[in-house]
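Residues per chain, in single letters:
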Amino acid sequence: MSFSAGSGARPSRRAGPSTHHPELRDILGHGAASRVQARAMLAAAGATDPDRAGDHFVACVDGLLFDRLAGAGALTAPPPGTPESRADLTAAVRAPLRAMRT
């Protein structure tokens, strides 16, 4: 989403990154299966809008993975594979799941 100049600088939808970077099409395509699974999981959990909630959940997990692998979380998170790391990741995933059920 980008903002266009003009009245109120409203957000405008534009073509996604794969349109401008064809080399990303294969990479972005891998996320489709995760979205389908997340939508089904949140539908089973009673989400009022499981398609949207599923997409948001996958985006949250993608962000969490980036944070742990390349972002600031890589510097501050508990060591990978430890009970502390598992507990921290459980809490990080549980919070958006609970919020997306409504």
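Here is a short report on the structure shown in this document. If you're wondering where the values come from, they're calculated on a predicted model, not measured in any experiment. (Residues numbered from 1 in each chain as written. Predicted model: local features only at pLDDT ≥ 70, side-chain atom pairs only at ≥ 80, totals over all residues. Heavy atoms only, no water.)

## Focus: the pattern of salt bridges
Here the idea is simple: oppositely charged side chains can pair when their charged atoms come close. Going by this rule: We count a salt bridge whenever a side-chain nitrogen from Lys or Arg sits within 4 Å of a carboxyl oxygen from Asp or Glu. Comment: elements are numbered from the N terminus, with helices defined as DSSP H or I runs of at least four residues and strands as E runs of at least two. Classification of residues uses two cut-offs on accessible area relative to the type maximum, computed with a 1.4 Å probe and protein chains only: under 20% is buried, over 50% is exposed, and between them is partly exposed.
Counted by the stated rule, this structure contains three salt bridges. Two residues, Arg-35 and Asp-55, come together in a salt bridge whose shortest N-O distance is 3.3 Å. Of this pair, Arg-35 sits in helix 3 (residues 31-44) while Asp-55 is found in helix 4 (residues 50-69), placing the two residues 20 residues apart along the sequence. Accessibility expressed as a relative area gives 29% for Arg-35, which makes it partly exposed. Asp-55 is paired through a salt bridge with Arg-39; the nearest N and O atoms lie 2.8 Å apart. Here Arg-39 lies in helix 3 and Asp-55 lies in helix 4, a separation of 16 residues in the sequence. Overall, the relative accessible area of 28% leaves Arg-39 in the partly exposed class. Members of the salt-bridge network, linked through shared partners, are Arg-35, Arg-39 and Asp-55.

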